[in-house]
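# Inside the fold
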Amino acid sequence: MTTYPVMDLYRKSRRKGIVFWDHDVTDVSIFDTTLRDGEQSPGTSFSFDDKLRIAETLDEMGVHVIEAGFPINSDEEFEAVSEIAATSENDVCGLARVHEEDLDAALDADVDLVHTFVSSSDIQIQKSMDSSREEVLEMTRDAVEHVKDHGVDCMFSPMDATRTDFDYLVDIIETAHDAGADIVNIPDTVGVIRPTAMYRLIDALRDEVDVPYDVHTHDDFGLAAANALAGIEAGAVQCQVSVNGIGERAGNAALEEVVMSLESIYGIDTGIDTTRIYDLSKTVERLSGIPLPQNKPVVGDNAFSHESGIHAAGVIEDSSTFEPGIMGPEDVGHQRRLVMGKHTGTHSVRETLEEAGYEPDDDEVREITRRIKSMGGKGKRVSDADVFAIAESVMSAVPEAEKTVDLKEVNVSTGNDRTPMASVRAEVEDEERVEADVGVGPVDAAMSAVSSLMGGEYDVEITDFHIDAISGGSDAVANVYVGVERDGEEANANASSEDITVASVEALVDAVNHLVRKEAREERERGAEP
Ligand code: MN
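In this report, we go over the structure that sits alongside the text. Within each chain, residues carry numbers counting from 1 in the order of the written sequence. With pLDDT at 70 or above as the cut-off, local features in this predicted model cover only qualifying residues; side-chain atom pairs require 80 or more to be listed or tallied, and sums for whole chains, interfaces and linings still use all residues. Heavy atoms from the whole structure form the basis of all side-chain values; hydrogens and water molecules are not counted.

## A few points about the overall build of the chain
Under the scheme used here, helices are H or I runs from DSSP no shorter than 4 residues and strands are E runs no shorter than 2 residues, and both carry numbers assigned from the N terminus. Of the regular secondary structure elements, the chain holds 18 helices and 16 strands. The C-alpha atoms of the chain give a radius of gyration of 33 Å, which is well past the 24 Å a tight globule of 530 residues would have. Projected onto the principal axes, the alpha-carbon positions of the chain cover approximately 105 × 55 × 40 Å. The rule is simple: take the accessible area with a 1.4 Å probe, protein chains only, and divide by the maximum for that residue type; under 20% is buried, over 50% is exposed, in between is partly exposed. When the 530 residues of the chain are sorted by exposure, 51% land in the buried category. Computation of the radius of gyration draws on C-alpha atoms alone. For the globule rule, the value is 2.2 Å times the number of residues to the power 0.38.

Right under this line is the structure:
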């Protein structure tokens, strides 16, 4: 993984008098709360097995602390937290309110770290807890002491810290620290802080109370990852994240965004196996029932995809041209994709086809690109299978100059109370002909019209005909295969189009052209015999 010398830049900035940070960030602990705050996402509930599976992956990847749940919540939750605590290599944390029964449940689950929290903002103290600042300080002291009396590490969170009066925030942190808290988490519970403010807050708190700090951020304004990183820059030693950023409301800072920013932009080796991020993200997407947006950073379908001709051509040359360059799909177990559509250029069409083993010439690449752009321009998603079907039909077509029948136009009218009718216009041996016919359906009508158009001279029997939808959906490309026969001679052709009737007619005409070519070739060979 390449990195930019960002830290050097910061040091240079400092010399100019702009202090970005006053210490080197070399070590960051990643605290994952997918199983706790993540599970509090509206509508999400992980089963016992889901929790174990997610925890196992996080643990194997080397995520430093796993918040496994809220043990007092239910017997099942208690069992899951206990099991994860018993089987994980890394630290496992259990959440507890400042009540003794909550703390005991977490202690009984045998976690490495008890995370206890209480509201510190006046609005929550008054309206959620119906309590007072003094009472809250007392509860804080008692809770932290209770955990420490059992010889277990304790993290204390003043809930809603970012809306808490600063002097009171210092008081409550001091209280927790004096009671023996090992680390203090600063939660931006309702997601209202901004990066520079988070920096100043952590910086100021570090001046007031010398304790390791952690930050817990929410994405209500899309600033969760930025705020977490600002906390780290200001000297927090740990930040809380969740896979795919799931969590209360708009969610938490996303593990994939924060970890990859630290690794790639900051140049910090987190020690986490980032190559499993994509798979983990997909697992959590499925188990949480929260679908990932296509444009999700790092793990979204489009994170390393390119459609535009200029970008795709650049990326084929060197992926750093139109990607960050300091993070590639291989770093997170994802894949780079060239997406076909309206903005596609010939470079990516050629690259995609050659990678799949096709050897199109320049004219074919141009024609395939034209058809892909036309399909994409109609607002359709062009899949790889669509591209290959288009390529096969273009590449197997009889060259323009050798066409006996050159199709110009197909028109069909159909409906539930009218006889399907089709008209076809084509040049047959350079003579323009137009014919119309009816049939049991639009394809049948069009095929009959083609037969009439070719008259007696190219009258063939259709021996084989089938249609496959290449991709799902009503806008899929249909691939039509037609086999024809005349006087014991056979030929066949494929054609693809989003229009099933057009594909059928093209395949039939092409099969006829192949047949005529074949007959002519055999006649020449017979004539050449001595
Ligand atoms: Mn939260």
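Next comes the rest of the description.
## Things to note about the coordination of the manganese ion
Around the manganese ion, the protein supplies Asp-37 (OD), His-216 (NE2) and His-218 (NE2) as donor atoms, at distances of 2.0 to 2.2 Å. With a relative accessible area of 4%, His-216 lands in the buried category. Classification of His-218 as buried rests on a relative accessible area of 3%. The rule for donors is simple: an N, O or S atom within 2.8 Å of the metal counts, and for Na, K and Ca the reach is 3.2 Å. Water is not among the atoms, so a site may look short of donors.

## Observations concerning helix H12 (residues 309–317)
Listing the buried residues of H12 in full gives Ala-312, Ala-313, Gly-314 and Val-315. Whether two residues touch is decided by their heavy atoms; if any such pair falls within 4.5 Å, the residues are in contact. On the buried face of H12, the contacting elements are strand S9 (305–306), strand S10 (337–338) and helix H14 (346–355).

## Observations regarding the pattern of salt bridges
Any carboxyl oxygen of Asp or Glu within 4 Å of a side-chain nitrogen of Lys or Arg constitutes a salt bridge here. Throughout the structure, instances matching the rule amount to 27 salt bridges. We note a salt bridge from Arg-36 to Asp-37, for which the minimum N-O separation is 3.9 Å. We classify Arg-36 as buried; its relative accessible area is 11%. Note on Asp-37: relative accessible area 2%, which makes it buried. In this structure, the salt-bridge partner of Arg-133 is Asp-122, at a minimum N-O distance of 2.8 Å. Here Arg-133, found in helix H6 (residues 133–149), pairs with Asp-122, found in helix H5 (residues 122–127); they are 11 residues apart in sequence, far enough to count as distant. On the basis of relative accessibility, which here comes to 27%, the residue Arg-133 falls in the partly exposed class. Among the charged side chains, a salt-bridge network with shared partners connects Arg-36, Asp-37 and Glu-67.

## Overview of the packing of helix H9 (residues 224–233) against helix H10 (residues 255–265)
All axes here are fitted lines through C-alpha atoms, helices being fitted over the stretch that makes contact, and every angle between N-to-C directions spans 0 to 180 degrees. Interaxial distance between H9 and H10 falls to 9 Å at its minimum, and their mutual angle equals 45°. In terms of axis orientation, H9 runs oblique to H10. Our pair here, H9 against H10, has a crossing hand that is right-handed. The segment H9 lies against H10, with Ala-225, Ala-228, Leu-229 and Ile-232 engaging Glu-257, Val-258, Ser-261 and Leu-262. Within the contact of H9 with H10, the residues separate by chemical class into 6 nonpolar, 1 polar and 1 charged. An angle below 35 degrees is read as roughly parallel, one above 145 as roughly antiparallel, one from 65 to 115 as roughly perpendicular, and any other as oblique. Helix crossings are classified by the rotation of the near helix relative to the far one: an anticlockwise turn of less than a right angle makes the crossing left-handed, while a clockwise turn makes it right-handed. When residues are sorted by character, Ala, Val, Leu, Ile, Met, Phe, Trp, Tyr, Cys and Pro go into the nonpolar class, Asp, Glu, Lys and Arg into the charged class, and all the rest, Gly among them, into the polar class.

## Some points on the packing of aromatic side chains
Pairing of aromatic rings covers Phe, Tyr and Trp, the last through its six-membered ring, and needs centres within 6.5 Å; plane angles under 30 degrees mean stacked, over 60 mean edge-to-face, and all others mean tilted. Per the counting criterion, the structure on display carries 2 aromatic pairs. Pairing Tyr-358 with Phe-388 gives two aromatic rings, centres 5.6 Å apart and planes at 25°, and the pair type is stacked. Of this pair, Tyr-358 sits in the loop between H14 and helix H15 (362–377) while Phe-388 sits in helix H16 (residues 384–396), placing them 30 residues apart in sequence. Residue class for Tyr-358 comes out buried when judged on its relative accessible area of 16%.

## What to know about the side chain of Ser-261
Tracing the backbone through its elements, the reader meets Ser-261 in helix H10. Those residues in contact with Ser-261, other than ones at most four positions away along the chain, are Leu-229 and Tyr-266.

## A look at unusual backbone geometry
Peptide bonds are trans in most cases, and residues, glycine excluded, mostly fall at negative phi. Positive phi, close to 50°, is recorded for Asp-130, a residue that is not glycine. Among the secondary structure elements, Asp-130 is positioned in the loop between H5 and H6. Phi is positive for Asp-430, close to 70°, though the residue is something other than glycine. Residue placement: Asp-430 occurs in the loop between strand S12 (418–428) and strand S13 (431–438).

## Points about the environment of Ser-47
Mapped onto the secondary structure, Ser-47 falls in the loop between strand S1 (29–32) and helix H2 (48–61). Here Ser-47 falls in the partly exposed class, since its relative accessible area comes to 31%. Placed 241 residues apart in sequence, Ser-47 and Ser-288 show a C-alpha to C-alpha distance of 10.0 Å.

## A few points about the sheet that holds S13
The pairing of strands in a sheet happens through backbone hydrogen bonds and is either parallel or antiparallel. Across the sheet, which stays open at both edges, the 3 strands sit in the order S11-S12-S13 with antiparallel pairing between neighbours. Each having just a single partner strand, strand S11 (405–415) and S13 make up the two edges of the open sheet. Each adjacent strand pair in this sheet contributes to an overall mean axis angle of 10°, direction not counted. Note: S11 against S12, 9 bridges, orientation antiparallel. Following the sheet pairing, Val-405 is matched in S12 by Val-428. Lying on the sheet, helix H17 (residues 442–454) is in contact with S11, S12 and S13; it crosses S13 at an angle near 140°. Any two strands with at least two DSSP-identified bridges between them are counted as paired.

## Quick notes on the nonpolar core
By size, the foremost hydrophobic cluster in this structure holds 86 residues, and its most contacted members are Ile-30, Ile-173, Ile-186 and Val-258. With residues up to four places along the chain from it excluded, the contact list for Ile-173 reads Pro-158, Val-184, Ile-186, Leu-205, Val-209, Val-211 and Tyr-213. What we call a nonpolar core is a set of buried Ala, Val, Leu, Ile, Met, Phe, Trp, Tyr and Cys residues that are connected through their side-chain atoms within 4.5 Å. Core analysis: the second largest hydrophobic core is formed by 31 residues, Val-428, Val-443, Leu-453 and Ala-493 among them.

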